[in-house]
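Residues per chain are reported as follows:
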There are 2 protein chains.
Amino acid sequence: MSKPQDVASTDFAHVFAHVRDTALLESTSALLEWDERTGLPAAAGGYRAEQLTYLCGVIHQRKTDSRYGELLATLRQSDLAQDTTSQVGATIARLHKDFQRNTRLPIDLVQAISKATVLGQQAWEKARAANDWAYFQPYMTEIFLLRRREAELLAEEGGSLYDALLDQYEEGARSEQLTAIFANLRDELVRLVQELADAPHRPTGKSWERAVPVAQQREVSRWIAGRIGYSFERGRLDETSHPFCTTLGPDDCRILTRYQAEFFPSGFYGTLHEAGHGMYEQGLLADWYGLPPGMAASLGVHESQSRLWENFVGRSHAFWKWCFPEVAQRVGSAWQGLSAEDVYRDANLVEPSLVRVEADEVTYNLHILIRFEIEQQLMSGTLEVKDAPAAWNERYQHYLGIQPPSDRDGILQDVHWSAGLVGYFPTYSLGNLYAAQLMEAASDRLGDLDGLFEKGEFQPLLEWLQQEVHVQGFCLHPGTLVEKVCGKSLDAQPLVRYLRRKLEPVYGV
Amino acid sequence: MSKPQDVASTDFAHVFAHVRDTALLESTSALLEWDERTGLPAAAGGYRAEQLTYLCGVIHQRKTDSRYGELLATLRQSDLAQDTTSQVGATIARLHKDFQRNTRLPIDLVQAISKATVLGQQAWEKARAANDWAYFQPYMTEIFLLRRREAELLAEEGGSLYDALLDQYEEGARSEQLTAIFANLRDELVRLVQELADAPHRPTGKSWERAVPVAQQREVSRWIAGRIGYSFERGRLDETSHPFCTTLGPDDCRILTRYQAEFFPSGFYGTLHEAGHGMYEQGLLADWYGLPPGMAASLGVHESQSRLWENFVGRSHAFWKWCFPEVAQRVGSAWQGLSAEDVYRDANLVEPSLVRVEADEVTYNLHILIRFEIEQQLMSGTLEVKDAPAAWNERYQHYLGIQPPSDRDGILQDVHWSAGLVGYFPTYSLGNLYAAQLMEAASDRLGDLDGLFEKGEFQPLLEWLQQEVHVQGFCLHPGTLVEKVCGKSLDAQPLVRYLRRKLEPVYGV
């Protein structure tokens with residue numbers, strides 16, 4: 001591993017300095033967004049949008065600066081660029097690709113998208129609270145219009161508009177390939193849901209009916225995040241309406257969750273999930289902050305880390321054997337009379353439900369599939385925004401056998417589209433698939449993981465992930481990276497295998 | 001009142017747009033600082049300094065942009081600039097002055113100051129916690145060195161270096177004039193302190209010995225801030241180690257206080273003080289945000305607003321007659337057995353003490369005088385930073401008859417010098433003097449203020465201040481503004497009169 005400062009090239013040094021300065025602005029912009037979602041005064045939304053839009057313009061100018069582009073073009077011809085899987089080679093290749101992409105986008109469009117999505121998120125908050133789709137519809141229409149225009153400018157010859165956006169989150173992924181894998185996954189999951197529905201020993205979910213005061217949940221969350229390896233020296237945990245993780249610098253990665261006194265898993269699993277994201281960011285190479293070797297490989301790989309800690313670890317039998325007395329002691333009387341077994345079983349209750357972020361591991365991917373299908377249709381123009389709620393409800397009926405009683409628990413539940421994140425949802429299912437493959441590889445390499453979890457030992461797994469995934473940064477295609485670590489190409493079987501191996505005994509199937 | 005958009009001049013429109021965009025960056029920078037002081041992860045200080053230094057450079061470039069300077073020069077020759085007390089005229093005159101000042105400062109120096117002060121504040125936090133002056137000394141030395149260099153570049157022909165800095169906080173103020181007024185004030189106050197020390201009915205301070213749980217103090221603070229007129233729609237109240245107020249946009253002015261379970265007035269009066277600052281900012285003209293007509297007139301005028309609400313209102317007899325049952329009910333058993341009279345008297349306990357922010361109204365100005373004298377000596381070179389703690393302790397002995405047992409409660413108590421704020425302290429005493437004059441004028445105009453406070457009616461006073469001070473912005477010299485509102489020039493008598501009129505009956509003098 002080299003440091004960027006050690007690369008013997010003045011051109012590279014200039015590029016490095018330029019990108020690091022851009023990252024100073026991008027991380028500042030991330031703080032403006034973090035603050036917007038943690039406690040911006042009600043009347044301050046308009047000015048915050050102006051701040052973000054302005055910074056977005058400055059950042060875009062820097063990213064399309066012609067002198068910077070010339071340096072990249074020169075570097076691309078140099079020896080440094082030959083091995084595109086090396087840190088330096090990957091940096092040059094990716095920055096050059098980004099430059100090409102950014103120069104295709106006029107600054108007006110970039111700023112229009114920034115503004116529309118900041119205002120869109122503010123409108124979404126209001127619309128969701130008031131269960132008022134009509135209020136949000138014009139914002140969403142505008143956002144899809146603008147991102148379509150962006151996709152038209154970016155799409156490859158013959159490539160779909162949707163893939164042009166998807167590629168920004170998951171380099172190299174194509175909707176055609178995903179559709180095939182997801183179809184296979186869907187068939188397997190629908191069958192499994194059916195088998196579990198008819199099973200003799202279904203979990204009851206009664207553990208989660210115990211109310212736990214939010215103050216105690218906060219304490220549990222802080223404790224478990226630190227316990228699995230999230231560093232509070234280099235991060236913090238806050239509360240918000242839609243949990244997320246954001247990075248404001250090489251030593252400042254923040255996570256946010258939400259607590260419901262009446263539903264413990266919301267805060268607990270929200271924390272495990274976001275801490276998984278946070279530990280990935282904290283495991284990146286700080287020397288390369290802002291450059292590909294110091295960046296996450298993709299959103300799919302990012303999601304593999306969050307889902308791995310949330311589900312593969314946090315809903316395992318071994319985890320609850322260790323964790324149950326620890327949590328029980330922290331929540332006091334709330335969990336009296338419960339056992340590790342009760343909580344473990346309820347953490348694995350599979351049941352069709354309306355809200356993605358609280359869905360179980362099996363049906364979760366069906367929620368994603370619905371969004372993936374709808375956003376592809378919206379981009380291709382075969383569905384209009386105004387008809388999206390109906391399409392949403394129909395698909396819930398079709399895939400999950402239930403219908404949202406209101407848009408609040410239907411199409412208004414997710415922040416993503418209001419934030420312009422189109423092509424983002426499929427990376428969630430990719431994350432599940434990657435996580436399953438990574439856990440199989442981790443077992444092969446580390447041996448008895450359950451034996452470690454039963455003792456509350458998470459460091460070996462985290463260190464393995466740091467070594468194999470985190471410090472690798474974004475030097476390979478995300479698909480290639482996972483394939484290299486796991487020794488096999490992407491398919492649905494590891495995930496299905498994992499789910500069946502865990503759930504069949506729980507349900508007595 | 002006009003709106004900046006209505007000014008029929010393309011040059012003015014360009015200047016307006018330029019300054020508004022600069023303000024977007026300055027307010028973003030203010031968020032970086034607010035966040036640093038509310039919960040930045042421990043390891044993230046270095047990168048935060050980089051972000052702030054970078055933004056500081058971009059802002060300085062914008063402020064010294066030659067095209068912008070040419071526009072200002074042209075406008076200065078135009079009819080718009082003739083009446084320098086009009087909103088447009090004052091804007092042109094002040095922006096032109098700022099431009100001239102900024103172009104004298106090389107960007108390296110500006111960025112060096114930014115970096116030194118961010119790191120200085122971080123070092124100060126550590127040094128204060130560890131009571132370790134030696135750790136902080138090199139940071140403070142560097143900061144004074146840099147600000148001296150700045151002052152050398154800015155000082156007027158024959159003017160003192162100190163005044164060059166003072167003018168940035170209090171336009172038109174000169175240390176010579178302040179020294180004379182403060183000397184008069186000092187003599188009066190030293191005499192008053194002595195009389196009160198020998199008085200028959202000294203307050204005991206026992207009310208403040210009641211511990212009040214922080215959760216209840218938070219509730220009280222939120223309530224009282226809103227009750228006197230601070231808007232939470234356009235602000236928020238947080239906690240920090242050194243209370244302050246900061247503005248992040250026309251509708252986002254945040255205040256911060258600190259609670260001590262064992263000392264109620266810390267949080268309560270901290271809140272009243274910062275809410276006073278906050279209401280001033282919230283009373284400025286939003287249309288002119290970032291330009292002189294939408295800016296505070298000076299730090300002295302700013303402090304007049306905070307001290308007015310904290311002391312002239314918040315330590316008045318009438319205030320406590322109304323406020324006592326309201327607070328007593330909110331703090332439950334903690335205040336059982338106390339009366340409005342007890343709390344009022346203890347709120348007016350005059351006693352030499354070590355910590356400025358918790359000093360009473362009388363001795364407070366002696367704390368300021370000490371800082372004013374020391375920083376003038378540091379700037380003129382007649383005192384070295386390494387000798388500052390001794391100078392500090394000597395003066396405390398001399399003016400207040402007490403000596404700090406440690407630097408933590410001595411020279412390390414204030415954040416200001418670590419933040420590069422040299423020439424800032426005297427504005428605190430100016431604020432007290434202005435507040436006394438403003439309250440005399442308010443009484444003349446509004447009649448029986450006590451009658452209003454006894455009923456918890458603060459709106460008439462706030463509206464009067466908004467009209468006479470807030471919406472006036474920074475179109476006049478601060479001294480001229482106060483003189484215009486009050487019909488008399490600055491002197492110490494109104495403050496002395498106010499203190500004697502209140503304290504003599506309390507002490508039975």
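If you check an unreviewed UniProt entry, chain A appears there as Metal-dependent carboxypeptidase from Aureliella helgolandensis. Annotation of chain A in UniProt includes, under Catalytic activity (unreviewed entry), the sentence "Release of a C-terminal amino acid with broad specificity, except for -Pro." Recorded under Function (unreviewed entry), the UniProt text for chain A is reproduced unchanged: "Broad specificity carboxypetidase that releases amino acids sequentially from the C-terminus, including neutral, aromatic, polar and basic residues."

Student: Tell me what's going on with the pattern of salt bridges, and back it up with residues and numbers.
Tutor: Per the stated rule, a full pass over the model turns up 74 salt bridges over all chains. Here Glu195 of chain B makes a salt bridge to Arg500 of chain B, at a shortest N to O gap of 2.9 Å. Here Glu195 of chain B, found in helix α8 (residues 175-197), pairs with Arg500 of chain B, found in helix α20 (residues 493-507); they are 305 residues apart in sequence, far enough to count as distant. What makes Glu195 of chain B partly exposed here is its relative accessible area of 29%. Of the residues examined, Arg500 of chain B reaches a relative accessible area of 18% and is grouped as buried. Each of Arg94, Lys97, Asp98, Arg101, Glu156, Asp167, Glu171 and Arg174 of chain A takes part in one network of salt bridges that share partners.

Student: Any chance you could break down the relation of the copies chain A and chain B for me, citing the residues and the numbers?
Tutor: When chain A is fitted to chain B, the residual RMSD is 0.0 Å, and the transformation amounts to a turn of 180 degrees plus an axial shift of 0.0 Å. The transformation relating the two chain copies, once decomposed into turn and shift, fits a two-fold axis. Here 100% of the contact residues of chain A are again contact residues in chain B; the copies associate through an equivalent surface.

Student: Hey, could you go over the sheet that holds strand β3 (residues 253-257) of chain A for me, with residue numbers and the actual values?
Tutor: Residue and element names in this part refer to chain A. Strand order in the open sheet made by the 3 strands is β1-β3-β2, with mixed pairing throughout. The open sheet has two free edges, formed respectively by β1 (235-239) and β2 (244-247), since each of these has just one partner strand. Sheet twist, expressed as the mean angle between neighbouring strand axes with direction ignored, is 20 degrees. As paired elements, β1 and β3 share 5 bridges and run parallel to each other. Note on β3: the bridge partner recorded for Gly235 is Cys253. Contacting β1, β2 and β3, helix α10 (residues 264-283) runs over the sheet at an angle of about 165 degrees to β3.

Student: An account of the UniProt feature "binding site: Zn(2+)" (unreviewed entry) in chain A is requested, with residue identities and associated values reported.
Tutor: Residues and elements named next belong to chain A. Under the present numbering, the feature "binding site: Zn(2+)" (unreviewed entry) in UniProt falls on His273, His277 and Glu303. These annotated residues cover 31 residues of sequence, but their C-alpha atoms sit close together, with the largest distance between any two at 8.7 Å. With respect to the helices, strands and loops of the structure, His273 is situated in helix α10. His273 sits in the buried class, given a relative accessible area of 11%.

Student: Outline the packing of aromatic side chains, listing residues and values.
Tutor: Taken as a whole, this structure holds 64 aromatic pairs over all chains when the rule is applied. Between Tyr289 of chain A and Tyr47 of chain B, the ring centres sit 5.3 Å apart and the planes meet at 80 degrees, which makes this aromatic pair edge-to-face. Here Tyr289 of chain A, found in the loop between α10 and α11 (299-313), pairs with Tyr47 of chain B, found in helix α2 (residues 45-63), and the two come from separate chains. Here Tyr289 of chain A and Tyr47 of chain B have matching classes, each one buried. Where Tyr424 of chain A meets Tyr428 of chain A, the ring centres are 5.6 Å apart and the plane angle is 70 degrees; that geometry is what we call edge-to-face. In this structure, Tyr424 of chain A and Tyr428 of chain A share a single accessibility class: buried. Over the face of the ring belonging to Phe232 of chain B we find Arg222 of chain B, whose NZ or CZ atom lies 4.0 Å from the ring centre.

Student: With reference to specific residues and values, describe the packing of helix α16 (residues 426-446) of chain B against helix α19 (residues 478-486) of chain B.
Tutor: Residue and element names in this part refer to chain B. Look at α16 against α19: their axes get within 9 Å of each other, and the N-to-C directions meet at 25 degrees. With respect to their mutual orientation, α16 and α19 come out roughly parallel. Regarding α16 and α19, the two cross each other, and that crossing is left-handed. When α16 is examined against α19, the residues Tyr434, Gln437, Leu438 and Ala441 are found in contact with a partner set consisting of Pro478, Gly479, Val482, Val485 and Cys486. When grouped by side-chain class, the residues that make up the contact of α16 with α19 number 7 nonpolar, 2 polar and no charged.

Student: Go over the interface of chain A and chain B with me, naming the residues and quoting the values.
Tutor: Taken residue by residue, the interface counts 37 residues in chain A and 37 residues in chain B. At the boundary of chain A with chain B, total buried surface from both sides reaches about 2,800 Å², with 59% on carbon and sulfur atoms. It is Leu24, Tyr47 and Tyr54 of chain A in chain A that bury the most area against chain B; as a group they hold 24% of the surface buried on that side. At the junction of chain A and chain B, the tally comes to 4 salt bridges. Broken down by secondary-structure element, the contributors of at least two residues to the side of chain A that touches chain B are α1 (10-39), α2 (45-63) and β1 of chain A. When residues of the side of chain A that touches chain B are assigned to their parent elements, the largest contribution, 13 residues, is made by α1 of chain A. Looking at side-chain class alone, the side of chain A that touches chain B contains 18 nonpolar, 7 polar and 12 charged residues.

Student: Account for unusual backbone geometry, with residues named and values stated.
Tutor: Residues and elements named next belong to chain A. Look at Asn131: it is not a glycine, yet its phi comes out positive at around 50 degrees. Residue position: Asn131 is located in the loop between α5 (107-130) and α6 (133-154). According to the relative accessible area criterion, Asn131 is partly exposed, its value standing at 30%.

Student: How would you sum up the domain arrangement of chain A? Please name residues and give values.
Tutor: Residue and element names in this part refer to chain A. Along its sequence, chain A is carved into domain 1 (4-103) and domain 2 (175-507). Centre-to-centre, using C-alpha coordinates, domain 1 lies 29 Å away from domain 2. Between domain 1 and domain 2, the buried area comes to about 1,900 Å², and carbon and sulfur atoms account for 66% of it. The three residues of domain 1 that bury the most area against domain 2 are Trp34, Arg37 and Arg94, which together make up 36% of that side's buried surface.

Student: Any chance you could break down the sheet that holds strand β2 (residues 244-247) of chain B for me, citing the residues and the numbers?
Tutor: Residue and element names in this part refer to chain B. Pairing within the open sheet is mixed, and its 3 strands lie in the order β1-β3-β2. The open sheet terminates on both sides in strands that have one partner only, identified here as β1 (235-239) and β2. On average, each strand axis in the sheet is inclined to that of its neighbour by 20 degrees, with strand direction left out of account. Its contacts with the sheet place helix α10 (residues 264-283) against β1, β2 and β3 (253-257), and it is angled at close to 165 degrees to β3.

Student: Residues and numbers for the side chain of Glu440 of chain B, please.
Tutor: All names here are of chain B. Its place among the elements puts Glu440 in helix α16. Polar contacts involving the side chain of Glu440 include one to the side chain of Lys488, which spans 3.1 Å. Setting aside its immediate chain neighbours within four residues, Glu440 contacts Lys488, Pro494 and Arg497.

Student: Before we move on, can you summarise the side chain of Glu150 of chain B with the specific residues and values?
Tutor: Residues and elements named next belong to chain B. Here Glu150 is to be found in helix α6 (residues 133-154). Looking at Glu150, the relative accessible area reads 7%, which means it is buried. Side chain to side chain, Glu150 and Arg147 meet in a polar contact 3.2 Å long. With sequence-adjacent residues up to four places away left out, Glu150 is seen in contact with Leu105, Leu109, Ile113, Leu165 and Gln168.

Thresholds, definitions, all that
- Residues numbered from 1 in each chain as written.
- Chains lettered and ligands numbered in written order.
- Predicted model: local features only at pLDDT ≥ 70, side-chain atom pairs only at ≥ 80, totals over all residues.
- Heavy atoms only, no water.
- UniProt positions renumbered as here; feature names shortened; annotations may be inferred.
- Salt bridge = Lys/Arg side-chain N within 4 Å of Asp/Glu carboxyl O.
- Helix = DSSP H or I, 4+ residues; strand = E, 2+ residues; numbered from the N terminus.
- Buried < 20%, exposed > 50% of the residue type's maximum accessible area, 1.4 Å probe, protein only.
- Least-squares fit on C-alpha atoms with pLDDT ≥ 70 in both.
- Contact = heavy atoms within 4.5 Å.
- Pairing = 2+ DSSP bridges.
- Axes fitted to C-alpha atoms, helices over the stretch in contact; angles between N-to-C directions.
- Phe/Tyr/Trp six-rings, centres within 6.5 Å; stacked < 30°, edge-to-face > 60°.
- Lys NZ or Arg CZ within 6 Å of the ring centre and 35° of its normal.
- Parallel < 35°, antiparallel > 145°, perpendicular 65-115°, else oblique.
- Left-handed = near helix turned anticlockwise from the far one by under 90°.
- Nonpolar A, V, L, I, M, F, W, Y, C, P; charged D, E, K, R; others polar.
- Buried area = accessible area lost by both parts, 1.4 Å probe.
- Domains from an automatic or database assignment.
- Polar contact = N/O pair within 3.5 Å; in protein donor to acceptor, adjacent residues only side chain to side chain.

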